[in-house]
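The chain contents come next:
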Amino acid sequence: MTGAGGAIGVFDSGVGGLTVLRALRSVLPQERFVYLGDTARLPYGTKSAASVVRYSLQCADALVARGIRCLVVACNTASASALDALRLRYPGIPVFGVIEPGAAAAVAVSRTRHIAVIGTEGTIGGGAYQAAIRRLDARVRVTALACSLFVAVAEEGWVEGPIAEAIARRYLEPIFCGGQSRAAACEVPDTLVLGCTHFPVLAAAVRAVLPDHVALVDSAATAAAAVARELPAAANPSGRGGLSWLAGVSWLATDGAARFARVSGIFLGEALRPEDVEIIDL
Ligand code: DGL
């Protein structure tokens, strides 16, 4: 494990933010990262906005104490509720969320201006995506749906196969089944935003139940591009020699190192060892 000073701090309630970390790493290969999964308090998506703000500030405090130079909120639920509070607490540190980039990507992709967004109860109920999309284009119709069970399925590592597909079908068919009929096609969204960082690992299961014409958008790549655009290059880039890039990441979690390492391996496509994960108290 490397020290985290000068690193980019990334946090989520669990392993979902690893989809963002991966995207960050591909556009910023020289950077060092410190990743925090608040696994003790997962899920965030069913908690009140006040609790999510409190948890997010505590995550940020732990990362700032490790000397990070930039904070990426790799969680839509926390981005929806806590971005302003985080920016207020740390005016000297650039704080990036994932909702604005996801909304921008969806508006750029949609031809029919009917966009569906799925996320946690907190993200969907708070209307953050709906507002972000309409700020960009007020003519867009947004169909939004909370799909909370996807978070548990992703944390379990059941990212494809009949269980993931059955859950995807149960959630998404009411929105998309009309897409099979030509007459109803205009009523069906042509774009689906995966508005939770846990959801991209379920993309194959989601894709299996969608009409072919529907574009899938996740905010990981666009959020990473926004960070790369706005952040000055690291003064002290990581020197990992021939090691895997995972060795250049400091791994923190608030509970369950073995579980975190096991499921992270599925998200990252590379094994992480429990002994590489530091358990911290917030
Ligand atoms: N991955 C998070 C998100 O993007 C939170 C999932 C959860 O903890 O409910 O919303």
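Residues numbered from 1 in each chain as written. Predicted model: local features only at pLDDT ≥ 70, side-chain atom pairs only at ≥ 80, totals over all residues. Heavy atoms only, no water.

Undergrad: Please give an account of the sheet that holds strand β6 (residues 141-146) that cites residues and values.
TA: Overall, parallel pairing links the 4 strands, which are arranged β6-β5-β7-β8 in an open sheet. Strands at the two margins of the open sheet, each flanked by one partner only, are β6 and β8 (215-218). Along the sheet, successive strands turn relative to each other by an average axial angle of 25°, direction set aside. Here strand β5 (residues 114-119) pairs with strand β7 (residues 191-194) via 4 bridges, running parallel. The residue of β7 that forms the bridge with Ile118 is Leu194. Docked against the sheet, helix α4 (residues 99-109) engages β5, β7 and β8, running at close to 160° with respect to β8. (Pairing = 2+ DSSP bridges. Helix = DSSP H or I, 4+ residues; strand = E, 2+ residues; numbered from the N terminus. Axes fitted to C-alpha atoms, helices over the stretch in contact; angles between N-to-C directions. Contact = heavy atoms within 4.5 Å.)

Undergrad: Requested: an account of the packing of helix α2 (residues 49-64) against helix α3 (residues 76-89), with residues and values cited.
TA: A packed helix pair is summarised by two numbers, namely the angle formed by the two axes and the spacing between the axes. Packing of α2 against α3 leaves a shortest axis separation of 8 Å and a crossing angle of 55°. On the basis of the axis angle, α2 is oblique to α3. In terms of crossing hand, the pair formed by α2 and α3 is right-handed. Contact residues: Ala49, Val52, Val53, Ser56, Leu57, Ala60 and Asp61 in α2; Thr77, Ala78, Ser81, Ala82, Ala85, Leu86 and Arg89 in α3. Among the residues forming the contact of α2 with α3, the class breakdown is 9 nonpolar, 3 polar and 2 charged. (Parallel < 35°, antiparallel > 145°, perpendicular 65-115°, else oblique. Left-handed = near helix turned anticlockwise from the far one by under 90°. Nonpolar A, V, L, I, M, F, W, Y, C, P; charged D, E, K, R; others polar.)

Undergrad: Account for the packing of aromatic side chains, with residues named and values stated.
TA: Applying the stated rule across the entire model yields 6 aromatic pairs. Taken together, a centroid distance of 5.3 Å and an interplanar angle of 65° make the contact between Phe150 and Tyr171 edge-to-face. Of this pair, Phe150 sits in helix α7 (residues 149-156) while Tyr171 sits in helix α8 (residues 162-176); the two residues are 21 residues apart in sequence, bridging distant segments of the chain. The residues Phe150 and Tyr171 share a single accessibility class, namely buried. (Phe/Tyr/Trp six-rings, centres within 6.5 Å; stacked < 30°, edge-to-face > 60°. Buried < 20%, exposed > 50% of the residue type's maximum accessible area, 1.4 Å probe, protein only.)

Undergrad: Can you break down the site of the ligand residue by residue, with the values?
TA: If you check the shell around the ligand, you find 14 residues, and the closest are Ser13, Tyr44, Asn76, Thr77 and His198. One of the backbone N or O atoms of Asn76 is found 2.7 Å from an oxygen atom in the ligand. Burial of the ligand by the protein amounts to 99% of the accessible area it has alone, namely 300 Å². Judged by the proximity of its atoms to the pocket grid, the ligand belongs to the largest cavity. Of the residues assigned to the shell around the ligand, the class counts are 6 nonpolar, 7 polar and 1 charged. Mapping the shell around the ligand onto the domain boundaries places at least three of its residues in each of domain 1 (8-97 + 223-279) and domain 2 (99-219). (Near = heavy atom within 4 Å. Polar contact = N/O pair within 3.5 Å; in protein donor to acceptor, adjacent residues only side chain to side chain. Areas by Shrake-Rupley, 256 points an atom, 1.4 Å probe, with all protein chains shown as cover. 1 Å grid on protein atoms, 1.4 Å probe; cavity = no way out; pocket = protein on both sides within 12 Å on 5 of 7 lines; lining within 4 Å. Sits in = over half its atoms within 2 Å of the grid points. Domains from an automatic or database assignment.)

Undergrad: Just give me the short version of the domain arrangement of the protein chain, but keep the residues and values in it.
TA: As assigned here, the protein chain comprises domain 1 (8-97 + 223-279) and domain 2 (99-219). Inter-centroid distance (C-alpha atoms) of domain 1 to domain 2 is 24 Å. At the junction of the two partners, domain 1 supplies 25 residues and domain 2 supplies 21 residues. There are 1 salt bridge connecting domain 1 and domain 2. Where Arg259 meets Glu156, a salt bridge forms, and the shortest distance between an N and an O atom there is 3.1 Å. Counting across the domain 1 and domain 2 interface gives 12 residue pairs in polar contact (both at pLDDT 80 or more). Secondary-structure elements contributing two or more residues to the side of domain 1 that touches domain 2 are α1 (18-27), α3 and α11 (257-268). With 5 residues, the single largest contributor to the side of domain 1 that touches domain 2 is α11. Per-class residue counts for the side of domain 1 that touches domain 2 are 11 nonpolar, 11 polar and 3 charged. (Salt bridge = Lys/Arg side-chain N within 4 Å of Asp/Glu carboxyl O.)

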